[in-house]
Protein chains: 2
Amino acid sequence: MINNRRTIRKYSARPIEGELLERILEEAERTQTMGNLQLYSVVVTRSEEMKQRLAPAHFNQPMVTEAPVVLTICADFNRTSSWCKERKAVPGYDNFLSFINAASDALLFTQTLSCLAEANGLGVCYLGTTVYMPEMIIDVLKLPKLVMPIATLTIGYPAEIPEQTDRLPLASIVHDEFYHDYTSQDIDRYYGVKEALPENKKFVEINNKETLAQIFTDIRYTKKDNEAMSEGFLSALRKQGFLH
Amino acid sequence: MINNRRTIRKYSARPIEGELLERILEEAERTQTMGNLQLYSVVVTRSEEMKQRLAPAHFNQPMVTEAPVVLTICADFNRTSSWCKERKAVPGYDNFLSFINAASDALLFTQTLSCLAEANGLGVCYLGTTVYMPEMIIDVLKLPKLVMPIATLTIGYPAEIPEQTDRLPLASIVHDEFYHDYTSQDIDRYYGVKEALPENKKFVEINNKETLAQIFTDIRYTKKDNEAMSEGFLSALRKQGFLH
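Bear in mind that the values here come from a model prediction, so they are computed numbers and not experimental data.

Student: I would appreciate a short explanation of unusual backbone geometry in the present structure.
Tutor: Backbone phi values are negative for most residues with the exception of glycine, while trans is the configuration of most peptide bonds. Its identity is not glycine, yet F59 of chain A carries a phi of approximately 55°, on the positive side. If you trace the backbone, F59 of chain A turns up in the loop between α2 (48-54) and α3 (63-66). One non-glycine residue, K88 of chain B, lies in the positive phi region at around 55°. As for its placement among the helices and strands, K88 of chain B is situated in the loop between α4 (78-86) and α5 (96-119). Taking the relative accessible area as the measure of exposure, K88 of chain B reaches 60% and is therefore exposed.

This is the structure we're talking about:
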């Protein structure tokens, strides 16, 4: 199953049965979670209007408005804190570690859900843009303090079977007993196949770059953008009460 | 499969076949990843000595030394940055957003791996302690700048079949179109079953507490500990070059 997976960005008009969505969400709840607190929430977007409002936060990628269902998975210490307050307990979760704990819970849940969706014939696209402009998503979805959007999945029945993308050789990501830093020779060995792929060579050429790595540093993920978005994310963390 | 999952903390003496471990690590590489950069690394601990050295960072939980294999999954922008430097590209990934991107990649990979291990008859325990004292793990595993430990899995063949733990009702974690904050009545409805479980009632009693929530706020995850560990984590992020 996992060997055949590919990200699906085009969906058929067939809606997702409510029962199916509920079942996979419920099954994904079996994911391990800190102290069994389940530090996440899922906002389900099905309405046209809400998809249109979410789209700009995701750079108007067409999946957001074209998928039958958009799921925004949030790190959530609000529910647990509300429980504490109702039960004569004083919650102490307005801090950075608690954000990391809740974000971890949310991402583990997200990935189980993603695997279950695929195992049930659905196609999924994970939107990394969720963490680019979190304040916009916070506003649209009315997220209260101690809730941060952390992942988005667009889901629907696939209307495409794209080519699988390449992956680095296993040796490049695995370290025996301790981290062995990469030599020039390691880099050549591990990135050679990726760099030699016709689509990547073409990509370099049409962008007038010298190397594939420059596509990432100069175009796709620039230092300037990363630094601006780091500030935005930290500011959202402060606004949501996870950082002082 | 997922419906039967439980965390496994006791392992049989049977070692994990090297081939099996390699196969599931390689299959987990199919997990979605930002720009197909695979912003993670896995340190595999099999030696007795390294397990002993890692154990204190995990509060000496016995799984660390008793499991045949301990995997520390790290957010890694070092490998990608090394690649850039070798290819006349100037990496701009020494910032907070890049940490979030790499941590997300690492956690999604971790959860696919966890599901695959379980599907292959192995038992897994996710150690949340990884983010409690990251500097200790950084030292032991010799993690360079732009690498942060983010998750640990202890893995082995199960020597126990523990009871499954409870989960909150699905309605408590799912929000329709936007976040609906929790009323007193919601909290009662969603937490009632958990609070009524005999093991939880007993837990409250033997700890001389009034409510289950107090077990979390006063004993398991206190504000004081969370604040101290927040400082430790932020300081590790600075040391690793992800925060200024």
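Student: In this structure, what is going on with the nonpolar core? I would like to understand it.
Tutor: One broad trend across soluble globular proteins is that nonpolar side chains are buried collectively. With 176 residues, the main nonpolar core has F96, F99 and L237 of chain A together with F96, F99 and L237 of chain B as its most contacted residues. The residues contacting F99 of chain B, other than those within four sequence positions of it, are I100 of chain A together with A75, M148, I150, F233, L237 and F242 of chain B.

Student: So what exactly am I meant to see when it comes to the interface of chain A and chain B here?
Tutor: Interfaces are frequently sized by the accessible area removed from exposure as the parts join. Residue-level contacts link 109 residues of chain A with 109 residues of chain B. Carbon and sulfur atoms make up 58% of the surface buried where chain A meets chain B, a total of about 10000 Å² over both sides. On the chain A side of the interface with chain B, the three residues burying the most area are R30, W83 and E177 of chain A, jointly 9% of the side's total. For the pair chain A and chain B, the number of links is 8 salt bridges. With a shortest N-O distance of 2.6 Å, K88 of chain B and E210 of chain A are connected by a salt bridge. For the side of chain A that touches chain B, the leading source of residues is helix α5 (residues 96-119) of chain A, giving 15 residues.

Student: Please explain the sheet that holds strand β4 (residues 147-156) of chain A as it appears in this structure.
Tutor: Whenever strands of a sheet pair, they do so through backbone hydrogen bonds, lying parallel or antiparallel. Spatially, β3(A)-β4(A)-β2(A)-β1(A)-β5(B) is the arrangement adopted by the 5 strands of the open sheet, whose pairing is mixed. The open sheet has two free edges, formed respectively by β3 (123-127) of chain A together with β5 (174-176) of chain B, since each of these has just one partner strand. Recorded for the sheet is a direction-independent mean angle of 25° between the axes of neighbouring strands. Bridge analysis of strand β2 (residues 69-76) of chain A against β4 of chain A gives 8 bridges, and the strand direction is antiparallel. Note on β4 of chain A: the bridge partner recorded for I73 of chain A is A151 of chain A. This element, α5 of chain A, spans β1 (40-45), β2, β3 and β4 of chain A of the sheet and lies at about 5° to β4 of chain A.

Student: Would you mind going over the sheet that holds strand β2 (residues 69-76) of chain B with me for this structure?
Tutor: Taken in spatial order, the 5 strands make up an open sheet running β5(A)-β1(B)-β2(B)-β4(B)-β3(B), and their pairing is mixed. Every interior strand has two partners, whereas the edge strands, β5 (174-176) of chain A together with β3 (123-127) of chain B, have only one. When the angles between neighbouring strand axes are averaged without regard to direction, this sheet yields 25°. The strands touched by α5 of chain B are β1 (40-45), β2, β3 and β4 (147-156) of chain B; relative to β4 of chain B, the strand with the most contacts, the crossing angle is about 5°.

Student: Mind showing me how you'd approach α5 of chain A here?
Tutor: Each full turn of the α-helix corresponds to 3.6 residues, which orients residues three or four apart in the same direction. Its 24 residues give α5 of chain A an end-to-end C-alpha distance of 35 Å, which sits within 8% of 34 Å, the value for a rise of 1.5 Å per residue. In the segment just after α5 of chain A, G121 of chain A is the residue with positive phi, at about 90°.

Rules and cut-offs
Residues numbered from 1 in each chain as written. Chains lettered and ligands numbered in written order. Predicted model: local features only at pLDDT ≥ 70, side-chain atom pairs only at ≥ 80, totals over all residues. Heavy atoms only, no water. Helix = DSSP H or I, 4+ residues; strand = E, 2+ residues; numbered from the N terminus. Buried < 20%, exposed > 50% of the residue type's maximum accessible area, 1.4 Å probe, protein only. Core = buried A, V, L, I, M, F, W, Y, C linked by side-chain atoms within 4.5 Å. Contact = heavy atoms within 4.5 Å. Buried area = accessible area lost by both parts, 1.4 Å probe. Salt bridge = Lys/Arg side-chain N within 4 Å of Asp/Glu carboxyl O. Pairing = 2+ DSSP bridges. Axes fitted to C-alpha atoms, helices over the stretch in contact; angles between N-to-C directions. Expected span 1.5 Å × (residues − 1).

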